[in-house]
Structures are given as structure tokens and as C-alpha cells.
Amino acid sequence: DDPGGNTGETFEEKVFDGIGAVFDESLGYYNEQPSAIQEGTTRWLFYTRNTVKYDDTTDSIAVRKGTYSGGKWTYGDPSTCITTSESGWDSARVFNADVVKGTFSYGGESYSYLMAYSGSDREDRADADIGFAVAKEPDGEWVKVGTEPFIRFNSSEWDTVGLTYYPGAIEPSLISYDKGGKVYLFYEESEVFKTNYAYELDCSNLDSIVKGGRKVVERSGITDLGTSNPLLYGADYVYDPDSDYLFAAREGRTTATSEPKVADEVQALRSSMDILDTIDQGILQGEPRVWWESVGDKIDGDTTADMSNPDRIFGYTRIFSPTIVSDAYGYMLEYGTFEVLFTTQANDG
């Protein structure tokens, strides 16, 4: 049987170039775009996964429960949270979810967890929008909020210049700022004019979300080799209330191209949280300043090599979709140290 939770299927070992995976799942299933929250000695690891083996058109958002014992985390079988809808904006793909705890109501019911995820009606995941789902427990029943996305990507500006592929609104990341219903929603619009944004939202009543102004997350202090317009590509955000720092983990690259279509490193950054108070629609109030500074060493092929295993001494050449393990509200677990999870690509896909 497959220890990845698919009984009756034969388990096939994946090929690893470097350090081992967080959990085992058979070849034929992709596991990407992780997001992890921790409550005490329990972790909930959400990720994008195909529901049918070797069928990469069957996107779903799955979750695994992790328990800590003997100095390591052990994850149980996957539980499917959401799949594609029969029609509409997320009918072909659902991917890249992030979850935060709080107090939310929808359709007369009370819920404790809010998920933001990207969806698309195109098989290539392009022209994506962002929507919400809610649950009472992380591995319980998840309910999509409405039939329309919360953030609708408008491609009309790019259609006029002949572009046919634009990822759209992607990479949602949630932080609660009152441990109730108020959240920051960070995301990226990744197309020819690439920008990172943050919304301040009151999601206490998801039937009537109160939307604050959209803020541009500036990128000063970030560098990529050969890239003149670097962004917080694939970024995940967490907040540390003690230091009042906003931390981010982003994709980067060390080879010169116009954009990091294939990331080969992960970089951790920090900035004062008051950037969200001093920026409004991209207009800086006061003197210009550098927002971001690098924290610690980058994660790349060298740092992911397993020198004790001759078959894994080179590490991974593709490293992308990082997430910082946070508490359930998107807060840093312990200032001064944090754990980053990320996706790699094995030799056999």
C-alpha cells in the first residue's frame, strides 16, 4: 500500500537529489506549495496535490497532521480540503493555499480557520484569481466562500499588448492582526507588470467582507542576479509582535535571466511592520527608505546537499515555493530562529 494515504496503490519511491522529504508519498503525486501552521505540538501542513496518481490535471488542496515526538515531526495521511469546482473561476485548477486561525462566520455558521487559495479555469493555471474557504477544524470539512473569487485578476491591460499567458493573482499569504476576524492578505500579481500587494480585511462576516485599501509592498533591498525588477516571488509572510518585524521567505535565482521562472534558492527577509502603515497605493509617505534586509543564509543547492549520502551530495537545483512555519495566526513561533519548508523537483518529476 501507499503510505501517502492511497490504499490499494503501489508505493513508488521518489528520486531525491538532496535532503529527504518532510513526508513520504509515492511517485506519481506532486507535492508543492506548502503552508504550515503550528498549534502546540501539532502542525497542519497544507499543500497542492493531485488527487489521481499520474494525473497532473486533478489539483486539490490537501492537509496532513504532524505530531512531534523523539525530536522530529511525523505526518499522517493526506486529507483533501478542496478540489476544483464543476464550473466557474476555479474549475480547472486550485493551488497555493494559505491558512490562518480566527473567528469567522459564513452562511450563518461559525468557523475557526480561513483559507486563501488561487484558482483558475485554465489548465495551465494562468489568469488566476484568489478566493476563500472556511473550516471548523483544519482536517475537517472545508466550505468555499461563494461562487466568485475575492480578488479577480483583470487581464484586459495585457490582452491589448498581445500577451496570452499571465499567472494572474497568486501566492496568497494570511496574517491575523487581532486573532479574530481581521487579517492581512498578501499576494502577487505576476504578469508583465509585476507587483506585490497587501489588503487589510475584516473577514469576521464573510458574507460581507470589509475591505481596506490595497497597499503596494515595496521591494527595495531585494536583489536577483540579472533581474532589474526583482519581486517577492512566491513569498510567504509571518509577523513577530515582539520585534514588530514582518518576515518573508521568497524565491530567488543566481543565474542571469529576465525573471526567476525557475528559482534556485530561497531567501529570508525582514522589514519593520510599519511599512504597511506608511505605504498607501504605492505612494511613500515621508522619506524614501530601504524596506527589506536579508536574514541568515540563503537556502540553495549547497545547503540542501546530504553529504552523508553519496547519491545526494549535490543538493537540489530547483528550490521554490517557500513557507515559514508560523503559529495558527501567522505569527513567528520563536524570534531569532524559524523553519522554512519549500518545494523541490525530483529527477523523475
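Residues numbered from 1 in each chain as written. Predicted model: local features only at pLDDT ≥ 70, side-chain atom pairs only at ≥ 80, totals over all residues. Heavy atoms only, no water.

A. Expanded view of the overall build of the protein chain. Looking only at helices and strands, the protein chain features two helices and 22 strands. Counting every position in the protein chain, which comprises 349 residues, the buried fraction comes to 52%. When contacts within the protein chain are restricted to residue pairs at least 6 apart in sequence, those whose partners lie at least 24 apart make up 55%. As displayed, the protein chain has an accessible area near 15300 Å², and 46% of this comes from carbon and sulfur atoms. (Helix = DSSP H or I, 4+ residues; strand = E, 2+ residues; numbered from the N terminus. Buried < 20%, exposed > 50% of the residue type's maximum accessible area, 1.4 Å probe, protein only. Contact = heavy atoms within 4.5 Å. Areas by Shrake-Rupley, 256 points an atom, 1.4 Å probe, with all protein chains shown as cover.)

B. Fine view of unusual backbone geometry. Not every positive phi belongs to a glycine, and Glu-171 is a case in point at roughly 60°. Relative to the elements of secondary structure, Glu-171 occurs in strand β10 (residues 168-176). By relative accessible area, Glu-171 is classed as buried at 13%.

C. A look at the sheet that holds strand β6 (residues 93-106). Sheet architecture is open: four strands sit in the order β6-β7-β8-β9, paired in antiparallel fashion. The sheet is open, and its two borders are formed by β6 and β9 (142-144), each paired with just one other strand. Each strand axis lies, on average, 30° off the axis of its neighbour in the sheet, ignoring direction. Bridge count between strand β7 (residues 109-120) and strand β8 (residues 129-135): seven bridges; the pairing is antiparallel. Its bridge partner lying in β8, Tyr-117 is registered against Gly-131. (Pairing = 2+ DSSP bridges. Axes fitted to C-alpha atoms, helices over the stretch in contact; angles between N-to-C directions.)

D. Region of the structure containing the pairing of strand β14 (residues 236-240). The buried fraction of β14 is high, at five of five residues. Alternating residues of β14 divide into Asp-236, Val-238 and Asp-240 and Tyr-237 and Tyr-239, and every residue in both groups is buried. Relative to strand β15 (residues 245-252), β14 runs antiparallel, the two being bridged by five bridges. By the bridge assignment for β15, Tyr-239 is matched with Leu-246. Between β14 and β15, which pair antiparallel in sequence order, lie four residues; one of them, Asp-244, sits at a positive phi of approximately 60°.

E. Region of interest: the confidence of the model for the protein chain. For the protein chain, mean pLDDT is 87; residues scoring 70 or higher make up 85% of the total. Contacts from residues 280-285, a stretch scored under 50 in pLDDT, to residues over four places away or in other chains number twelve contacts. (pLDDT = per-residue confidence, 0-100.)

F. A look at the nonpolar core. By size, the foremost hydrophobic cluster in this structure holds 25 residues, and its most contacted members are Leu-114, Phe-132, Ile-151, Leu-185, Leu-201, Cys-203 and Leu-206. Mapped by element, the contributors of at least two residues to this core are β6, β7, β8, β10, β11 (182-190) and β12 (195-202). Those residues in contact with Leu-185 that sit more than four places away from it in its chain are Ala-116, Phe-132, Phe-150, Ile-151, Pro-172, Ser-173, Leu-174, Tyr-197, Ala-198, Tyr-199 and Leu-201. Formed by 19 residues, the second largest nonpolar core is a distinct cluster that contains Ala-198, Ile-222, Ala-235 and Tyr-239. (Core = buried A, V, L, I, M, F, W, Y, C linked by side-chain atoms within 4.5 Å.)

G. Region of interest: the side chain of Asp-59. Among the structural elements, Asp-59 can be located in strand β3 (residues 59-69). Among the residues examined, Asp-59 registers a relative accessible area of 2% and is labelled buried. At a separation of 2.3 Å, a polar atom in the side chain of Asp-59 contacts the side chain of Tyr-30. The contact partners of Asp-59, leaving out residues within four places of it in the chain, are Tyr-30, Thr-48, Arg-49, Thr-83, Thr-84, Arg-93, Val-94, Phe-95 and Arg-125. (Polar contact = N/O pair within 3.5 Å; in protein donor to acceptor, adjacent residues only side chain to side chain.)

H. Layout of the packing of aromatic side chains. A full pass over the atoms with the stated rule returns 17 aromatic pairs. Judged by centre distance (5.8 Å) and plane angle (70°), the ring pair of Phe-247 and Phe-338 falls under edge-to-face. Within this pair, whereas Phe-247 is found in strand β15, its partner Phe-338 is found in the loop between β21 (326-327) and β22 (340-344), the two being separated by 91 residues in sequence. Over the ring of Phe-23 we find Arg-64, and its NZ or CZ is 3.9 Å from the ring centre. Over the face of the ring belonging to Tyr-111 we find Lys-136, whose NZ or CZ atom lies 5.8 Å from the ring centre. (Phe/Tyr/Trp six-rings, centres within 6.5 Å; stacked < 30°, edge-to-face > 60°. Lys NZ or Arg CZ within 6 Å of the ring centre and 35° of its normal.)

I. Up close: the pairing of strand β1 (residues 31-39). Of all the nine residues making up β1, seven are buried; the element is thus mostly covered by neighbouring parts of the structure. Of the pairings in the sheet, the one linking β1 to strand β2 (residues 42-50) comprises seven bridges and is antiparallel in character. Looking across to β2, one finds that Ala-36 is bridged to Leu-45. Joining the antiparallel neighbours β1 and β2 is a turn of two residues, in which Gly-40 adopts a positive phi near 65°. The sheet contact formed by β1 and β21 spans two bridges and is parallel. In the strand pairing of β21, Gln-38 is matched with Asp-327.

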